[in-house]
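# Observations on the three-dimensional arrangement
One letter stands for each residue in the lines below.
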There are 2 protein chains.
Amino acid sequence: MSAAITLPAGVELCHLPAQFPLAHGGVLAGASLAFERQGPVDAPVVVVLGGISAGRHVSAHRAVQGPGWWEGFVGEGQAIDTARYSVLSFDWLGGAGCSTAPASGESFPFVGTEDQAAALAHLLTALRIEKVAALVGSSYGGMVGLQFAAAFPQRVARLFAIAAPHESHPQASAWRAVQRGIVELGLRTGTASEALALARGLAMATYRTPGELADRFSGPATWQGERVRLPVQDWLDARGAEFADRWLPEQFLCLCASIDAHRVDPARIAVPCWLAAFVGDQLVPPPQVRELASRLPNLRAVREVRSRYGHDAFLKERLAVAALLREVLA
Amino acid sequence: MSAAITLPAGVELCHLPAQFPLAHGGVLAGASLAFERQGPVDAPVVVVLGGISAGRHVSAHRAVQGPGWWEGFVGEGQAIDTARYSVLSFDWLGGAGCSTAPASGESFPFVGTEDQAAALAHLLTALRIEKVAALVGSSYGGMVGLQFAAAFPQRVARLFAIAAPHESHPQASAWRAVQRGIVELGLRTGTASEALALARGLAMATYRTPGELADRFSGPATWQGERVRLPVQDWLDARGAEFADRWLPEQFLCLCASIDAHRVDPARIAVPCWLAAFVGDQLVPPPQVRELASRLPNLRAVREVRSRYGHDAFLKERLAVAALLREVLA
């Protein structure tokens, strides 16, 4: 639980076993997990996990004051109340945070959602947390939550998986396969950063709904010489460039593939489960979440929320999602 | 109406005016339009236009026996009956057929849907066809049909626009902007063919519905070393490679941009119009077609057909679309 490297303030580091075996073959050698806690140390623990670009810093608190990725959901008096719960989160293995991840040009073993779940189990052991009160995971974090509940049922009292299926949908995988193809082409041609921005633009084009994009980006094309430019492109380009500034292409490839290979048998998940799906989600369509629900042996509730934000509703529909969080934690 | 270059059998060529002015600036010099006719020459004319990858050869007939892109819809005894109608179609300017289009490495002016419509008007004049009985256009062909009806109302008795809006939807434009970005990256890095295949894979990923892809491509990932491969990728790759064999990247860029810049004021379209939309179409969502319908001064009917084939339903839902064709031509 100490680091030889310089870490940002508030980050704690948990060393995984020197040879950390991976579910699909290979090992991670000398890996560590960056995590963050807020709330009373002796309170019941809620693990909060988000999408591939979410990390250990869930929301602002005394020790780490910058905004987190789930502001308004987690904090004192919020739906996940840090006066009552100790909130724990970590950076994904292989991702752009402070956990072990590929460096530029480095080949890296495949890290599955099972491996993220196993790493979380190690983290809990290191922190002497036998069992968490709840694991709340959205998107990729929900996939990891499903794996965790399947593999370590004795360590989690309840699971809330938001916009997270038991396996990736072929429609979503098709879009992500193209994203990886773009980044691989970029790596081979020395244009990885540009390719990564383009791939992230494609991802952004799948996170929302046609209705939301129409509301924001209707309007005529403009011309730059013979090149046509659409209003929506400024948004895709800006979000893409931001992402390419923070991520290495190898890290994106690692987590993007991890999503697509995700697969867990719902029958193996005995933990009490709550599920949420968003009507309009193009990546995790509600019928798929309903199928997961129908196959869970210990389903408590499956909720559907209509949202113009599509898959991103877990970040944007604060009131609706907070109400569900309160239901799960009641 | 003669060509100095060698053309495939059955192709006829119509020379456009030596300086053919383009709606958004520039001219096409010495351009020509490749077209094909079937059915009795003196019968009422139905113009049939399809997507950007559809061309002059609509269906097999005596003079050109290979299969066309709309087999089962057009022919003797079919919904568009070539015993009763003379069917006319042409290759898009800028596309992969035999009409004028960019060569490899060639810069080419922007060709709008207005320009395709103007070219069709020239073709009709050259063929001494004053007015067509119907223009039936699907996808890009429907966009061109809307422009034609707006610009040349005296030359078309009825318009049937299938899965074709008055302007591109920002959701669809977002996906296509990424496709052009991929191809432009490929052109700059000497990997244009590979990039074009990838871009076409992305297009394929938007043509169908999540349900159809789930039915065909559910199944676990496989690994090639550390690289994950999904069942859906074989299909994307195969369709992409086929496309890249037939198209130059410059031609794809030309027509892809033409779709996105398409914009016509429905109030200008006085011709009797029939519209069809497909529930499940991710590129031309039915609400957009309903909006077009509500703004057309001479709407005869707007029909919605639920299809697991999404945008591709105009190619796949033979019975439903044939019934609509019979209604329009009755």
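Computed from a prediction, not measured in an experiment: that's the story for all the values here.

All right, on to the pairing of strand S10 (residues 159–162) of chain A then. Residues in a regular strand point their side chains to alternate faces of the sheet. All names here are of chain A. Taking every second residue as pointing to the same face, both faces of S10 are buried, with Leu159 and Ala161 on one and Phe160 and Ile162 on the other. Bridge analysis of strand S9 (residues 134–138) against S10 gives four bridges, and the strand direction is parallel. When the bridges of S10 are listed, Val136 appears paired with Phe160. A crossover links S9 with its parallel partner S10, the connecting element being helix H2 (residues 140–151), and its sense is right-handed. With four bridges connecting them, S10 and strand S13 (residues 273–279) associate as parallel partners.

Bringing the packing of aromatic side chains into the picture now. Under the criterion given, the structure shown has 19 aromatic pairs over all chains. For the ring pair A:Phe110 and B:Trp223, a centre distance of 4.9 Å and an interplane angle of 75° mean the geometry is edge-to-face. Here A:Phe110, found in the loop between strand S8 (86–90) and helix H1 (113–126), pairs with B:Trp223, found in strand S11 (residues 222–224), and the two come from separate chains. Of the residues examined, B:Trp223 reaches a relative accessible area of 29% and is grouped as partly exposed. Ring centres 5.9 Å apart and planes at 90° place the aromatic pair B:Phe243 and B:Phe252 in the edge-to-face group. In terms of burial, B:Phe243 and B:Phe252 fall into one category: buried. Taken together, A:Trp69, A:Trp70 and A:Phe73 form an aromatic cluster joined through their ring pairs. The cationic tip of A:Arg216 hangs over the ring face of A:Trp235; the distance from NZ or CZ to the ring centre is 4.9 Å. Lying over the aromatic face of A:Tyr309, A:Arg308 brings its terminal NZ or CZ to 5.4 Å of the ring centre.

Our next topic: the relation of the copies chain A and chain B. Of the two same-sequence chains, chain A is brought onto chain B (RMSD 0.0 Å, axial shift 0.0 Å) by a rotation of 180°. Accordingly, the operation relating the two chain copies is best matched by a two-fold axis. The rotation axis passes nearest to the C-alpha of A:Thr189 in chain A, at a distance of 3.1 Å.

This paragraph deals with the packing of helix H5 (residues 210–217) of chain A against helix H6 (residues 231–246) of chain A. Residues and elements named next belong to chain A. Look at H5 against H6: their axes get within 9 Å of each other, and the N-to-C directions meet at 110°. Regarding the angle of H5 to H6, the classification is roughly perpendicular. Residues Leu213, Arg216 and Phe217 of H5 pack against Pro231, Val232 and Trp235 of H6. When grouped by side-chain class, the residues that make up the contact of H5 with H6 number five nonpolar, no polar and one charged.

Residues and elements named next belong to chain A. Of note in this structure, Arg128 is not a glycine but carries a positive phi near 55°. Topologically, Arg128 is positioned in the loop between H1 and S9. Exposure remark for Arg128: the relative accessible area of 78% places this residue in the exposed category.

Residue and element names in this part refer to chain A. Note that Val48 resides in strand S5 (residues 45–49). The exposure class of Val48 is buried, given its relative accessible area of 0%. Through-space distance from the C-alpha of Val48 to that of Leu230 is 37 Å; in sequence the pair is 182 residues apart. With residues up to four places along the chain from it excluded, the contact list for Val48 reads Val58, Trp69, Trp70, Ile80, Val87, Leu88, Ser89 and Val136.

Another aspect to go through is the packing of helix H3 (residues 170–189) of chain B against helix H4 (residues 192–207) of chain B. All names here are of chain B. For the pair H3 and H4, the least separation of the axes is 7 Å and the interaxial angle reads 170°. Taken together, the axes of H3 and H4 are roughly antiparallel relative to one another. On H4, the residues that touch Trp175, Val178, Gln179, Ile182, Val183, Gly186 and Leu187 of H3 are Ala192, Ala195, Leu196, Leu198, Ala199, Leu202, Ala203 and Thr206.

Here we come to the interface of chain A and chain B. Listed as interface residues are 51 residues of chain A and, on the opposing side, 50 residues of chain B. Our enumeration of links across chain A and chain B arrives at four salt bridges. A salt bridge links B:Glu194 to A:Arg188; the shortest N-O distance between them is 2.8 Å. On inspection of chain A and its partner chain B, the count reaches eight residue pairs in polar contact (both at pLDDT 80 or more). Sort the elements by how many residues they give to the side of chain A that touches chain B and helix H3 (residues 170–189) of chain A lands first, with 14 residues. Of the residues contributing to the side of chain A that touches chain B, the split by class is 27 nonpolar, 15 polar and nine charged.

What follows concerns the nonpolar core. A:Ile182 and B:Ile182 are the most contacted members of the largest nonpolar core, which totals 178 residues. With sequence-adjacent residues up to four places away left out, B:Ile182 is seen in contact with A:Val178, A:Ile182, A:Leu198, B:Ala195, B:Leu198, B:Ala199 and B:Leu202.

Inspection of every chain in the model, using the stated rule, returns zero disulfides over all chains. The thiol of B:Cys14 is unpaired, and the distance to the nearest cysteine sulfur, on B:Cys98, comes to 14 Å.

Attention now goes to the side chain of A:His57. Residues and elements named next belong to chain A. As for its placement among the helices and strands, His57 is situated in the loop between S5 and strand S6 (74–75). What makes His57 buried here is its relative accessible area of 15%. Side chain to side chain, His57 and Glu36 meet in a polar contact 2.6 Å long. When sequence neighbours within four positions are dropped, the list of residues in contact with His57 reads Glu36, Val64, Gly66, Pro67, Gly68 and Trp69.

With that out of the way, let us pick up the domain arrangement of chain A. Residue and element names in this part refer to chain A. What the domain assignment reports for chain A is domain 1 (12–169 + 263–329) and domain 2 (171–258). Between the C-alpha centres of domain 1 and domain 2 there is a distance of 25 Å. Summing the contributions of domain 1 and of domain 2, the shared interface buries around 2,400 Å²; its carbon and sulfur component is 56%. Of all residues in domain 1, the largest losses of buried area upon contact with domain 2 belong to Gln282, Leu283 and Arg308, amounting jointly to 27% of the total for that side. In this assembly, domain 1 and domain 2 are joined by two salt bridges. Linking Asp312 and Arg208 is a salt bridge whose minimum nitrogen-to-oxygen distance equals 2.8 Å. Run the count over domain 1 and domain 2 and you get 14 residue pairs in polar contact (both at pLDDT 80 or more). Its residues assigned to classes, the side of domain 1 that touches domain 2 shows 13 nonpolar, 15 polar and four charged.

Residue and element names in this part refer to chain A. Taken in spatial order, the eight strands make up an open sheet running S1-S4-S8-S5-S9-S10-S13-S14, and their pairing is mixed. Looking at the sheet topology across the chains shown, the edges are occupied by strand S1 (12–15) and strand S14 (299–306). Each strand axis lies, on average, 20° off the axis of its neighbour in the sheet, ignoring direction. Running at roughly 165° to S13, helix H8 (residues 286–295) makes contact with S13 and S14 of the sheet. Sheet contacts for helix H10 (residues 318–329): S5, S9, S10, S13 and S14; angle to S14, the most-contacted strand, approximately 170°.

Rules and cut-offs
- Residues numbered from 1 in each chain as written.
- Chains lettered and ligands numbered in written order.
- Predicted model: local features only at pLDDT ≥ 70, side-chain atom pairs only at ≥ 80, totals over all residues.
- Heavy atoms only, no water.
- Buried < 20%, exposed > 50% of the residue type's maximum accessible area, 1.4 Å probe, protein only.
- Helix = DSSP H or I, 4+ residues; strand = E, 2+ residues; numbered from the N terminus.
- Pairing = 2+ DSSP bridges.
- Right-handed = clockwise from strand over helix to strand, strands pointing away.
- Phe/Tyr/Trp six-rings, centres within 6.5 Å; stacked < 30°, edge-to-face > 60°.
- Lys NZ or Arg CZ within 6 Å of the ring centre and 35° of its normal.
- Least-squares fit on C-alpha atoms with pLDDT ≥ 70 in both.
- Axes fitted to C-alpha atoms, helices over the stretch in contact; angles between N-to-C directions.
- Parallel < 35°, antiparallel > 145°, perpendicular 65-115°, else oblique.
- Contact = heavy atoms within 4.5 Å.
- Nonpolar A, V, L, I, M, F, W, Y, C, P; charged D, E, K, R; others polar.
- Salt bridge = Lys/Arg side-chain N within 4 Å of Asp/Glu carboxyl O.
- Polar contact = N/O pair within 3.5 Å; in protein donor to acceptor, adjacent residues only side chain to side chain.
- Core = buried A, V, L, I, M, F, W, Y, C linked by side-chain atoms within 4.5 Å.
- Disulfide = S-S within 2.5 Å.
- Domains from an automatic or database assignment.
- Buried area = accessible area lost by both parts, 1.4 Å probe.

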